[in-house]
Each structure stands twice: as C-alpha cells, then as structure tokens.
Amino acid sequence: MKICIFEDDKYKLLYPLSLTRPVFDLKCGYFTLRERISGNFSEDICYLLRDYLVPFAQKKLPKAVFNDPDFLKSDDILFINGRWLLGKGELCLEGEEEVGVYNDTILYVRTKKETIQSHFSSQFKFKTLLFSLNQIEQKLPHKEFNNVTLITYPWDLVNNNSKILCEDFEYTGKKGIQGSFSPQAAIYGDESKIFIAKSAQIHPFVVLDTTEGPIYIDEEAVIYPHTRIEGPSYIGKATHIFQANIKQGVSLGPICRVGGEVEESIIHGFSNKFHTGFLGHSYVGEWVNLGAMSTTSDIKNDFSSVQVYIEGELRDSKQIKVGSFIGDHSKIGIGCLLNTGTVVGVGAIVVPSGEVLPKFIPSFVWYLKGKFYKGYGFGKIIEGTKEQMKRRNMEMSEEEYELLREVFELTKEERNQLIAKSRR
Amino acid sequence: MPVREKVKKIVAKVLRVPEEKIREENRFVQDLGAESIDSVELMAAFEAEFNIEIPPEEGERVQTVGEAIRYIENKLKEKEEK
C-alpha cells in the first residue's frame with residue numbers, strides 16, 4: 001500500500017493562501033496539513049497538486065514524488081484529501097476498496113492497484129489525474145463520515161488552531177525547560193504545560209501563562225523582555241518576540257519577528273510584525289511585512305457575521321470573528337487599518353490612506369491613497385522581495401520566481417479590473 | 001491643450017508644486033521631491049489623461065518632466081499611426 005495526498009477542486013476557496021502553495025502545505029497547530037497526514041503513515045507518499053506548483057514544491061522536497069501516474073499505478077493506494085485535518089489514528093491504512101465522504105466531499109479513496117491501472121492514463125497533468133480519481137470514486141462504495149475536520153475556508157485553519165495546538169503539545173510529548181530561562185521571567189499556571197527547547201532563550205520580565213493551554217517554544221526562539229504569552233501557542237524555530245502580548249491560539253514561524261498584540265492567528269515563516277498593532281483571527285503567508293501600527297479588525301461593531309471575498313464575491317463566513325488573510329510577499333505599510341475579513345493577495349504593496357482598507361486587495365497591486373495602481377509592475381515587486389530574502393541570507397530560486405510569475409498571470413484580470421475602476 | 005501644458009498641470013497637482021515653477025529639465029525625484037508612491041500616481045495620471053498604457057519598466061526610465069512630455073508625445077503618435 002502507498003499513500004497519495006491530493007488537492008481536490010476546492011483549492012480556490014483557500015485563496016490567497018493556496019495561490020502559492022498546495023492546500024496541504026497550509027498550517028494549523030505546529031504542523032502543515034501534509035505533515036499531519038504523513039505523520040500517520042510510514043508508507044511511500046505521492047502528492048497530487050496543481051501543475052504550476054510542482055517545480056517549487058519539488059525544489060522544497062527534492063525526494064518527494066508529485067503528479068506521477070506510474071507511482072500511482074505501482075501499488076494499492078490510499079488517496080487522502082489534503083484538506084483533511086487528520087487526527088492521530090483517524091484513518092486506517094488497510095481495508096476494503098471504499099470512498100470516505102464528508103458533506104459530499106471525498107475524504108479518502110482506498111483502491112486496489114488493478115482499479116487504478118484500469119482508470120489512470122500515463123498523463124502527468126493534475127486535472128487528468130483528478131478526473132481519473134473522481135471516476136474511481138463513482139464506482140466504489142461510499143462510507144459517510146460526520147465528525148471530521150475538513151479545511152474549506154481560511155478561517156477554518158484559524159478556528160481550529162487552539163484545539164490543535166493542545167493536541168500537538170500532547171502528541172510531541174515534550175515538556176520542561178531545556179533552554180535559558182531568566183530568573184526574572186515567570187510561569188503563571190501549570191509548569192508541566194511548557195516546553196522550552198534547548199537553544200531557546202527567555203529574557204527577564206517575560207510571563208508565560210499556561211492557565212488556558214500549553215506553550216511550546218521551539219529551538220533558537222528568543223522571547224525578549226516585557227512579553228506575555230498565553231497558551232495554547234507555538235513559537236516556531238528562530239522566531240523572535242519583542243514586547244508582545246501573544247494571546248491564545250497563535251502559531252508563529254519559523255524565523256518570524258513579532259511584536260504587538262497577536263490573538264488566534266497563524267503566521268508562516270519569514271514574516272514580520274515587529275511593532276505595535278493588533279493581529280487577530282488572521283492567517284498570514286510567508287515573507288509578509290506588517291508595518292508598525294498596522295491593525296486588523298476581527299469583529300464588527302454590530303457583532304454580525306463577517307463577509308469575506310472568496311472566488312470573486314463577498315460571501316457570508318457565518319463567523320462573528322474573522323481577521324485578515326494575507327498572501328505571501330505582501331507588504332502592509334505603517335498604520336494600515338485592515339477591515340474585518342480582509343483578503344490581501346500575493347505580493348501586494350499596501351500604503352495607508354487613513355481610512356479602513358478595502359475588503360479585497362488583489363495580488364501584485366499597489367494600493368495607495370484609496371486607489372489601486374499597477375505600480376512598477378511585477379519586476380519591481382520581485383526586486384524588493386529578493387532584497388528582503390537577502391536580509392535572512394536566503395535567495396529566491398528560479399522555481400519560486402516562475403511560481404510567482406504564474407500567480408501574477410492568474411490574478412491579472414481581478415487586478416486590472418480594480419485598477420481600471422480606480423481610474424474612473 | 002498641448003501635451004506639454006497637460007503634463008505640467010498633472011505634475012503640479014500630483015506633486016503639489018506650483019505649475020509656473022516646473023521646468024522641463026526638472027528631475028521628478030531630485031528636483032520635484034517625488035517619492036516612489038508619487039511616481040506610481042503620476043504614471044497612472046498620465047495613462048488616464050492621455051488614454052495610453054505605460055509599461056512599468058518604460059515608466060521607470062522617464063526621469064524628467066521633458067522626458068515625460070516626449071515619451072507621451074511619441075506614445076500618442078504611435079497610437080495615431082495605428
């Protein structure tokens with residue numbers, strides 16, 4: 001038996017976060033959805049994802065197998081939906097050929113080699129492979145599930161984060177203070193709900209509050225003075241926290257610089273929110289910069305449910321608390337006020353206008369003085385991004401450049417529409 | 001109104017400089033104090049006023065008021081010839 005973790009056709013509901021990564025590389029708790037699924041099995045794994053994502057995914061995981069029909073035809077396969085927030089032992093490897101279904105969505109397809117061989121061609125294209133999988137699905141018996149967590153919208157990741165952070169703390173089984181812990185720092189609550197890795201540093205006048213959940217501080221993380229961290233939370237590798245108020249349900253890093261107030265939010269690697277300002281119920285991609293005093297609203301004045309821009313229209317999230325969703329490489333200038341449920345695409349440059357920002361800012365656009373502009377175009381944004389990466393001793397690979405170029409093309413229409421509207 | 005006059009009016013409005021003080025040899029950044037975000041606004045204003053498309057890499061090469069006037073005149077000529 002082998003495993004295949006696949007993206008289904010709902011990936012657009014997770015834009016802008018899934019514009020630059022497969023849905024299973026989104027994070028919740030300490031891990032990505034992919035790490036969570038693969039941690040359940042020791043079998044070989046193949047990934048099924050949109051074609052334009054493959055070269056960069058391959059660059060990041062050189063030994064992994066992507067969109068390979070020969071791999072799929074070589075053994076019995078357990079296909080697993082990459083949006084499934086899979087718990088430990090929740091899915092059994094062995095069993096009859098069947099399809100697990102939740103709310104009309106495929107959770108998994110367990111198939112025999114012969115079934116795959118009779119349905120899959122030798123085409124390496126994502127859509128062809130997904131089509132073949134859907135054909136198999138129609139022929140196998142279905143088993144309905146009621147109580148699973150499938151990530152459909154960006155806020156699903158945020159809303160599940162606290163619960164998953166608690167589970168992950170138990171799962172890793174690490175406890176205790178291994179790193180440096182200043183005598184002037186304090187733990188408020190149960191000390192057994194803390195793990196501080198060997199190379200992490202806790203400076204004086206830091207309070208770690210475990211009364212509501214565990215705190216995990218990973219290798220090389222540094223918590224600077226006058227910071228309070230509430231559990232459940234996860235401070236990722238080499239992340240630095242400055243005079244911050246980190247509330248429950250926060251996952252940060254690796255290599256983030258974070259200050260100010262953060263609550264119920266997930267921030268991917270290499271992103272900075274160095275200064276004062278509130279980030280709540282939000283999901284932030286890689287290499288994002290949130291300027292000083294930039295602040296998200298995560299609840300409306302009338303406590304009504306929040307509308308979020310999804311697939312070209314505002315949709316009711318049916319949630320009272322929703323923050324912002326910010327794609328990779330976007331730069332949010334000082335003092336920006338992000339409205340409740342704001343979506344910012346990939347590589348956007350946002351300059352404050354003194355007013356609350358619009359609910360949707362497309363990828364690679366310049367937003368300034370209340371209008372959308374094309375700015376200096378793709379090349380200049382990439383130049384800035386490369387400079388930012390150099391500051392962390394990183395270099396943009398050709399594969400990532402091509403990925404961003406593809407995202408620039410994919411998002412052209414929505415960007416041009418708003419630029420044209422701004423001219424009127 | 002000739003291109004020259006229109007360009008000067010736009011520059012004066014976007015960069016908040018008295019129109020009569022604008023000379024063709026003035027450099028947007030060094031002489032007129034244009035920040036990067038002003039230049040983005042200027043390019044968009046020229047595009048809207050003259051109904052032309054300015055590719056960002058071409059816009060970046062335009063450094064002075066005179067260069068902007070000549071660039072726009074050429075663009076309009078190209079458009080007419082089409």
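Residues numbered from 1 in each chain as written. Chains lettered and ligands numbered in written order. Predicted model: local features only at pLDDT ≥ 70, side-chain atom pairs only at ≥ 80, totals over all residues. Heavy atoms only, no water.

Moving on: the overall build of chain A. A tally of regular secondary structure across chain A gives nine helices and 38 strands. Taking 2.2 N^0.38 as the reference for a compact globule, 424 residues should give roughly 22 Å; the C-alpha atoms of chain A span a radius of gyration of 22 Å, in line with that estimate. Across its three principal axes, chain A shows a C-alpha extent of roughly 65 × 60 × 45 Å. A total of 424 residues make up chain A; the buried ones form 58% of that total. (Helix = DSSP H or I, 4+ residues; strand = E, 2+ residues; numbered from the N terminus. Rg over C-alpha atoms; globule rule 2.2 N^0.38 Å. Buried < 20%, exposed > 50% of the residue type's maximum accessible area, 1.4 Å probe, protein only.)

Residue and element names in this part refer to chain A. Read across the open sheet, the seven strands follow the order 5-4-1-6-8-7-9; overall the sheet is mixed. Sheet topology places strand 5 (65–66) and strand 9 (142–144) at the edges, where each strand pairs with a single neighbour. Pairing of strand 7 (residues 98–102) with strand 9 involves three bridges; the strand directions are parallel. If you follow Gly-100 over to strand 9, its bridge partner there is Lys-143. The strands that helix 5 (residues 126–139) touches are strand 1 (2–6), strand 4 (45–48), strand 6 (77–81), strand 7, strand 8 (105–111) and strand 9; relative to strand 8, the one it contacts most, it runs at about 80°. (Pairing = 2+ DSSP bridges. Contact = heavy atoms within 4.5 Å. Axes fitted to C-alpha atoms, helices over the stretch in contact; angles between N-to-C directions.)

With that out of the way, let us pick up the pairing of strand 30 (residues 313–316) of chain A. All names here are of chain A. The sheet contact formed by strand 29 (residues 307–310) and strand 30 spans four bridges and is antiparallel. Along strand 30, the bridge assignment pairs Ile-310 with Glu-313. Count of turn residues in the strand 29/strand 30 antiparallel hairpin: two residues, of which Glu-311 carries a positive phi of about 45°.

What follows is about the pairing of strand 20 (residues 240–246) of chain A. Residue and element names in this part refer to chain A. The buried fraction of strand 20 amounts to five of the seven residues, a majority that puts the element mostly inside the structure. One ladder, built from two bridges, connects strand 17 (residues 222–223) with strand 20; its direction is parallel. Residue pairing in the sheet places Val-222 in a bridge with His-240 of strand 20. Both strand 18 (residues 227–230) and strand 20 contribute to a ladder of two bridges, which runs parallel.

All names here are of chain A. Relative orientation of the contacting elements helix 7 (residues 377–390) and helix 8 (residues 398–410) amounts to 145°, with a least axis distance of 12 Å. As for the relative orientation of helix 7 and helix 8, their crossing is right-handed in sense. Contacts from Phe-378, Ile-382 and Met-389 of helix 7 reach helix 8 at Glu-400, Tyr-401, Leu-404, Arg-405 and Phe-408. A class-by-class count of the residues in the contact of helix 7 with helix 8 yields six nonpolar, no polar and two charged. (Left-handed = near helix turned anticlockwise from the far one by under 90°. Nonpolar A, V, L, I, M, F, W, Y, C, P; charged D, E, K, R; others polar.)

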